[in-house]
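Chain and residue survey
Here is how the chains run, residue by residue.
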Amino acid sequence: MRLLVTGGAGFIGTNFVHQTVREHPDVKVTVLDALTYAGDQASLAPVADRISFVQGDVADADLVDRLVADCDVVVHFAAESHNDNSLANPWPFVQTNVVGTFTLLEAVRRHGTRYHHISTDEVYGDLELDDPAKFTPQRPYNPSSPYSATKASSDLLVRAWVRSFGVQATISNCSNNYGPYQHVEKFIPRQITNMVDGVRPKLYGTGQNVRDWIHVEDHNAAVWAIIDRGRIGETYLIGADGEQSNKDVVELILELMGEPRDAYDLVSDRPGHDLRYAIDSTKLRDELGWQPRFPGFRDGLAATIEWYRQNAAWWRPQKDATEAKYAQLGR
Ligand code: NAD
Ligand code: TDX
């Protein structure tokens, strides 16, 4: 199989490429990545001799057409992915997430190529803290932020291209990922690397917001299950029953890093901040036999802390610019 992985130099894409090289050695991987502030070719250094790397934009129609013509399956991870950035400047989100997805869909339509679309649980909006419901594939879309609105738009394009043009596509909507190679702008790496630098963790608002955490390896194993066995036209929700309040996560990071559990600061809230996400992954489990294989959140978080401690050379170059952006937002 010749596989085109967009966004393969970002957090989840990098882990996907590493997992693919390890567990699917017959697959020929080509990465297409624009190397924005969020992409880092150094993340692919351990597998550099096993893959091809192309620096370029998913909205570049000629380049995308050439690459799609030369592959059997496209997995589309590339996106602008950070909610806070989308509030400060939404345009790159529309361009990459909507126009970029459109560009790929037109190419896979022309070439009859299998396409898997990576998306997020945020397309469904949020849940009350005490709501017994979780997100299911039947739930109507109700995105809150420019980021989630552009991801929802891209999902709807995929659905329309399946129905109107017979494109051979599947979609997955996953909950919050954690693990190695995640950019230090995101919640968990930001707090770990702040603490390495002697800075107290920062919780938005009161810290009551809930996210449904899944290890990135489990997300990517689910993506492979869908590539291998998913039904064309279907949407699969990916989650590992990992609901935690932000406050609980910060307290656990503090404990695992040997600090008092209350040594954090509350900072101003994110505008429009979604309260709670929770995924019902029954369809993925029942239909495709997927199960999370990564040990519990505590062990996964401890391993992630250790990875950031050991890999300061990887995250250090991004840290100051990231914190300067947050300082401007007062967060
Ligand atoms: P990331 O920001 O770490 O990586 C994004 C990658 O895409 C980077 O390497 C960047 O250089 C590349 N990119 C950006 N614009 C591009 C363009 N125009 N052309 C080519 N490449 C471009 O993001 P991530 O956290 O790895 O997320 C990957 C995908 O998974 C996204 O589609 C995101 O919506 C989705 N997702 C993320 C999470 C999460 O918790 N991080 C959860 C569910 C779904
Ligand atoms: O310093 C912080 N303090 C804080 O309390 C940061 C950076 C975040 N937060 C809160 C906001 C959220 O409630 O932590 C939670 C997680 O924040 P993010 O890491 O920014 O993730 P989130 O907004 O939940 O979106 C993530 O999950 C879904 C990814 O960034 C998206 O790409 C994915 O689609």
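Structural data are supplied above this passage.
Okay, so let's go over this structure. Remember, predicted model here, so these are calculated numbers, not experimental data. Every chain is numbered on its own, with residues counted from 1 as its sequence reads. Chains and ligands are labelled by the order in which they are written, letters from A for the one and numbers from 1 for the other. Thresholds applied to this predicted model are a pLDDT of at least 70 for local features of residues and 80 or more for the giving and counting of side-chain atom pairs; totals over whole chains, interfaces and linings are not thresholded and use all residues. Each side-chain value is worked out from all heavy atoms of the structure, with water and hydrogens disregarded.

The subject of this paragraph is the packing of helix α6 (residues 187–196) against helix α11 (residues 312–329). Axis angles are defined between N-to-C directions and span 0 to 180 degrees, where every axis is a line fitted to C-alpha atoms and, for a helix, only to the segment in contact. Strands are runs of DSSP state E lasting at least 2 residues, helices are runs of H or I lasting at least 4, and numbering of each runs from the N terminus. Their axes nearest at 11 Å, the elements α6 and α11 cross at an angle of 105 degrees. The pairing of α6 with α11 is recorded here as roughly perpendicular in orientation. Of the residues in α11, those in contact with R190, T193, N194 and V196 of α6 are W315, K319, E323 and Y326. Throughout this entry, Asp, Glu, Lys and Arg are counted as charged residues, while Ala, Val, Leu, Ile, Met, Phe, Trp, Tyr, Cys and Pro are counted as nonpolar. The remaining residues, Gly among them, count as polar. Across the contact of α6 with α11, the residue classes tally to 3 nonpolar, 2 polar and 3 charged. By definition in this entry, angles of less than 35 degrees are roughly parallel, angles greater than 145 are roughly antiparallel, angles of 65 to 115 are roughly perpendicular, and the rest are oblique. Whether two residues are in contact is decided by their heavy atoms, any of which lying within 4.5 Å being enough.

Attention now goes to the environment of D274. Residue position: D274 is located in the loop between β13 (265–267) and α9 (282–288). Exposure remark for D274: the relative accessible area of 5% places this residue in the buried category. Measuring from C-alpha to C-alpha, the distance between D274 and R285 comes to 26 Å, with 11 residues separating the pair along the chain. Residues in contact with D274, not counting those within four places in the same chain, are G125, D126, S144, N209 and R211. Under the rule applied, a polar contact is a pair of N or O atoms within 3.5 Å (in protein, one hydrogen donor and one hydrogen acceptor; residues adjacent in sequence only if both atoms are side-chain atoms). Polar side-chain contacts of D274 include one of 2.5 Å to the side chain of S144. Here's how the labels work: a residue is buried when its accessible area is under 20% of the maximum for its type, exposed when over 50%, partly exposed in between, all with a 1.4 Å probe on protein chains only.

As a further point, take the site of ligand 2. Being near a molecule or strand, for a residue, comes down to having at least one heavy atom within 4 Å of it. Around ligand 2, the structure places 22 residues, and the nearest of them are E122, Y147, R211, R270 and H273. Within the backbone of F187, an N or O atom sits 2.9 Å from an oxygen atom of ligand 2. Contact between ligand 2 and H273: an oxygen atom at 2.6 Å from a side-chain N or O atom of the residue. Reported accessibility uses the Shrake-Rupley method at a 1.4 Å probe radius. Residues are deemed covered only where the shown protein chains occlude them. Relative to its unbound accessible surface of 660 Å², ligand 2 loses 94% to contact with the protein. Within the residue set of the shell around ligand 2, elements represented by two or more residues are α6 and β8 (202–204). Considered class by class, the residues forming the shell around ligand 2 number 6 nonpolar, 9 polar and 7 charged.

Let's shift gears to the packing of aromatic side chains. Any two rings among Phe, Tyr and Trp, with Trp reduced to its six-membered ring, count as a pair given centres within 6.5 Å; such a pair is stacked if its planes are under 30 degrees apart, edge-to-face if over 60, and tilted if neither. Summed over all chains, the structure comprises 16 aromatic pairs. Pairing W161 with F165 gives two aromatic rings, centres 5.3 Å apart and planes at 75 degrees, and the pair type is edge-to-face. Of this pair, W161 and F165 are both found in helix α5 (residues 146–165), 4 residues apart, which corresponds to roughly one turn of the helix. Take W161: its relative accessible area is 13%, and that puts it in the buried class. F165 gets classed as partly exposed once you look at its relative accessible area, which sits at 41%. Pairwise contacts between aromatic rings join Y124, F135, Y141 and Y277 into one cluster. For K283, the ring lying beneath its charged end belongs to Y236, and the centroid distance is 4.9 Å. Whether a charge sits over a ring depends on NZ of Lys or CZ of Arg being within 6 Å of the ring centre and within 35 degrees of the ring normal. The ring of Y37 is capped by K325, whose NZ or CZ atom sits 4.4 Å from the centre of that ring.

Neighbouring residues of ligand 1: 28 residues in total, closest I12, D33, S81, Y147 and K151. Within the backbone of I12, a nitrogen or oxygen atom sits 2.8 Å from an oxygen atom of ligand 1. With respect to ligand 1, the side chain of S81 contributes an N or O atom lying 2.6 Å from an oxygen atom. Burial of ligand 1 by the protein chains amounts to 96% of its free accessible area of 840 Å². Breaking the shell around ligand 1 down by element, the ones donating at least two residues are α1 (11–23), β5 (114–120) and α5. Counting residues per element, the shell around ligand 1 draws most heavily on β5, which supplies 3 residues.

Attention now goes to the environment of S153. For S153, the location among the structural elements is in helix α5. Exposure remark for S153: the relative accessible area of 30% places this residue in the partly exposed category. Considering only alpha carbons, one finds S153 and V123, 30 residues apart in sequence, at a separation of 8.9 Å. At 2.7 Å, the side chain of S153 and the backbone oxygen of A149 are in polar contact.

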